[in-house]
Amino acid sequence: MTLHQKPNTLQTDSFWMPFTANRQFKKAPRLFASAEGMHYTTVDGRKVIDGSAGLWCVNAGHGRRQIATAVERQLMNLDFAPSFNMGHPLAFDFAERLAEIAPKGLDRIFFTNSGSESVDTALKIALAYQRAIGQGTRTRLIGRERGYHGVGFGGMSVGGMVANRRAFATHLPGVDHIRHTHDLGRNAFAKDIPEHGAELADDLERMVALHGADTIAAVIVEPVPGSTAVLPPPKGYLKRLREIADKHGILLIFDEVITGFGRLGTPFAADYFGVTPDMMTTAKGITNGTVPCGAVFASRKIHDGLMNGPEGTIELFHGYTYSAHPTACAAGLATLDIYKDEGLLTRGASLAEYWRDALHSLKGLPNVVDIRNIGLMGAVEVAPRKDGVGARGYDVMVDCFNRGLYLRMSGDSFAMSPPLIVEKSHIDDIVSILGDAIKRVA
Ligand code: PLP
């Protein structure tokens with residue numbers, strides 16, 4: 001497909017699109033043809049600013065030559081190497097480089113190909129670890145309402161977004177959920193961290209009281225839920241969750257698939273909140289969205305706990321054909337170089353205030369019921385219309401796209417996470433197009 005090919009020449013029947021209203025989309029496709037820096041270009045040649053870093057993944061902006069060159073070189077040099085009982089140096093280099101930027105102690109790296117795989121991997125490691133240390137009765141996994149942990153059976157089961165679960169009745173047995181922290185009544189229009197709700201972490205105590213601590217292997221939460229439209233955790237909430245998990249021997253997993261790699265102005269959300277989990281799941285920004293890749297960061301305690309038995313024994317019967325794929329490692333290393341050279345893992349901190357004030361300037365527009373922000377993440381929520389949840393949100397999203405802004409819509413919320421190379425003028429553009437769309441659609 002060339003840059004200016006018109007959508008009406010496109011055959012759209014065969015591609016069954018993910019997480020998309022296929023029939024609605026195919027009547028009026030929204031198609032990107034190319035991308036550079038902060039912008040996409042559509043097939044009809046319009047520039048569209050990227051308000052969501054693709055799908056929260058293009059943290060260093062689009063079209064990074066350094067990554068393309070590294071990938072091309074790698075493909076021509078070593079296109080594939082198995083990581084089962086064989087290896088290649090780049091995988092070890094990449095793991096070392098990731099360990100260097102990890103929160104202290106989380107420096108054992110297991111490679112996957114996506115966020116969903118990272119989540120399922122972390123859940124399996126949690127179960128295997130508990131068993132290895134003689135806690136084999138701990139088979140229960142705890143998630144949180146409104147959580148999103150990808151689409152594998154593990155991630156779906158601990159996830160808490162109802163539409164993602166409803167059609168697939170078979171969930172992992174024994175999974176339970178603590179309550180979410182979204183509370184418009186107490187926290188609407190809170191800036192950065194909401195004041196109220198730390199006590200909701202005590203829900204983990206409720207799980208312990210109900211099921212018994214000796215049945216619970218791990219609890220997984222997104223430090224800042226993203227797909228459910230950016231819900232910064234209440235003040236003190238994550239610390240309290242850490243304390244309760246420790247008290248009961250429950251492993252704490254942070255799903256940092258979105259918050260990892262600089263989104264909050266720190267390398268990871270664990271750094272931002274000063275709370276270190278036992279494992280961290282990542283993907284997306286790990287290769288700047290270029291080559292599928294994910295990684296689980298595990299503590300030494302967990303890793304070493306599994307390094308037992310005779311030396312010739314496989315310690316963890318788990319892995320993917322493409323774990324530590326050479327092209328993913330090459331892309332990842334080039335990405336980490338860019339993050340370092342351009343200070344992108346902390347750049348968000350210097351722009352967070354501007355971002356916050358810009359988003360909150362939309363307060364008072366018709367139907368706006370909440371605005372949330374943290375680091376370079378944010379969301380604006382509008383009230384649902386009578387014709388259904390998400391209908392107003394959809395109209396605003398389409399209006400934005402038509403006028404040059406791409407953003408993620410989640411129900412009637414607009415979730416934003418611009419590439420970390422964003423400048424103040426881009427923030428102004430994003431907010432002004434969104435504000436106009438909200439007014440037009442009102
Ligand atoms: N976990 C979180 C927190 C996510 O936001 C996502 C995707 O948005 C995933 C897991 C799943 O990642 P993937 O789509 O790469 O499988």
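Keep in mind it's a predicted model, so treat the numbers as computed, not measured.

S.K.: Any chance you could break down the domain arrangement of the protein for me, citing the residues and the numbers?
M.R.: Along its sequence, the protein is organised into domain 1 (7–60 + 344–441) and domain 2 (68–341). Computed from C-alpha coordinates alone, the two centres of domain 1 and domain 2 are separated by 26 Å. Facing the 34 residues of domain 1 at the interface are 31 residues of domain 2. For the side of domain 1 that touches domain 2, the secondary structure elements donating two or more residues are helix H2 (53–56), helix H14 (344–360), strand S11 (368–374), strand S12 (377–382) and strand S15 (413–416). The greatest single-element share of the side of domain 1 that touches domain 2, amounting to 9 residues, is contributed by H14.

S.K.: So what about helix H9 (residues 203–211)? Which residues, and what values?
M.R.: Structurally, the α-helix is built with 3.6 residues per turn, so residues lying three or four positions apart point the same way. Within the sequence span of H9, burial applies to Asp203, Leu204 and Met207. Buried residues of H9, viewed axially, fall in a sector of 110 degrees; they line one side. Among the exposed residues of H9, those pointing more than 90 degrees away from its buried face are Arg206 and Ala209. In this fold, the buried residues of H9 make contact with strand S5 (140–144), strand S6 (176–178), strand S7 (216–221) and helix H10 (237–247). Directly after H9, the chain includes glycine 212, whose backbone phi takes a positive value near 90 degrees.

S.K.: So, the site of the ligand: which residues are in play, and what are the values?
M.R.: By nearness alone, 14 residues border the ligand, and Ser114, Gly115, Ser116, Gly150 and Val257 come closest of all. Looking at the shell around the ligand element by element, the count peaks at 3 residues for helix H5 (residues 115–132). For the shell around the ligand, the per-class residue count stands at 5 nonpolar, 7 polar and 2 charged.

S.K.: Just give me the short version of the nonpolar core, but keep the residues and values in it.
M.R.: Core analysis: the biggest nonpolar cluster contains 118 residues, and Ala126, Ala218, Met279 and Leu434 have the highest contact counts within it. Considering each element in turn, this core owes the most residues, 8 residues, to helix H16 (residues 424–441). Structurally, this core is a two-domain feature, drawing no fewer than three residues from each of domain 1 (7–60 + 344–441) and domain 2 (68–341). Contacts of alanine 218, omitting those with residues within four sequence positions, involve Leu123, Ala126, Leu141, Ile250, Leu251 and Ile253.

S.K.: Please provide a residue-by-residue account of the sheet that holds strand S1 (residues 32–36), values included.
M.R.: The mixed open sheet is built from 4 strands, whose spatial order is S1-S2-S3-S13. Edge positions in the sheet fall to S1 and strand S13 (405–406), since each of these pairs with one other strand and no more. Two strands pair when backbone bridges link them, and strand S2 (residues 39–42) and strand S3 (residues 47–50) are joined in this way by 3 bridges, in the antiparallel orientation. Within S3, the residue paired with histidine 39 across the bridge is isoleucine 49.

S.K.: Can you tell me about the sheet that holds S5, naming the residues and giving the values?
M.R.: A sheet is described by the order of its strands in space; here 7 strands give the open sequence S4-S10-S9-S8-S7-S5-S6, paired in mixed fashion. What marks the edges here is a single partner per strand, and that holds for strand S4 (108–112) and S6. For this sheet the average axis-to-axis angle between neighbouring strands, irrespective of direction, equals 25 degrees. Relative to strand S10 (residues 294–298), S4 runs antiparallel, the two being bridged by 5 bridges. The partner of phenylalanine 110 across the bridge, within S10, is valine 296. In the packing of H10 onto the sheet, the strands contacted are S7 and strand S8 (251–255), and the crossing angle to S8 comes to about 145 degrees.

S.K.: So, unusual backbone geometry: which residues are in play, and what are the values?
M.R.: If a residue is not glycine, its phi is most likely negative; likewise, a peptide bond is most likely trans. If you check the backbone angles, arginine 146 has positive phi at about 65 degrees while not being a glycine. When you line up the elements, arginine 146 lands in the loop between S5 and helix H6 (153–158). One non-glycine residue, alanine 229, adopts positive backbone phi at about 85 degrees. Its place among the elements puts alanine 229 in the loop between S7 and H10.

S.K.: Run through H16, naming residues and quoting values.
M.R.: Between its first and last C-alpha atoms H16 spans 26 Å; for 18 residues at 1.5 Å apiece the expected length is 26 Å, and the two agree. Of the positions making up H16, those classed as buried are Ile427, Ile430, Val431, Ile433, Leu434, Ala437, Ile438 and Val441. The arc that holds the buried residues of H16, viewed along the axis, is 165 degrees, so those residues lie on one side. Away from its buried face by more than 90 degrees, H16 exposes Lys424 and Ser425.

Criteria and thresholds
Residues numbered from 1 in each chain as written. Predicted model: local features only at pLDDT ≥ 70, side-chain atom pairs only at ≥ 80, totals over all residues. Domains from an automatic or database assignment. Contact = placed C-beta atoms within 7 Å. Helix = DSSP H or I, 4+ residues; strand = E, 2+ residues; numbered from the N terminus. Buried ≥ 20, exposed ≤ 12 C-beta atoms within 10 Å, placed from the backbone. Arc of directions from axis to C-beta. Near = placed C-beta within 6 Å. Nonpolar A, V, L, I, M, F, W, Y, C, P; charged D, E, K, R; others polar. Core = buried A, V, L, I, M, F, W, Y, C linked by C-beta atoms within 7 Å. Pairing = 2+ DSSP bridges. Axes fitted to C-alpha atoms, helices over the stretch in contact; angles between N-to-C directions. Expected span 1.5 Å × (residues − 1).

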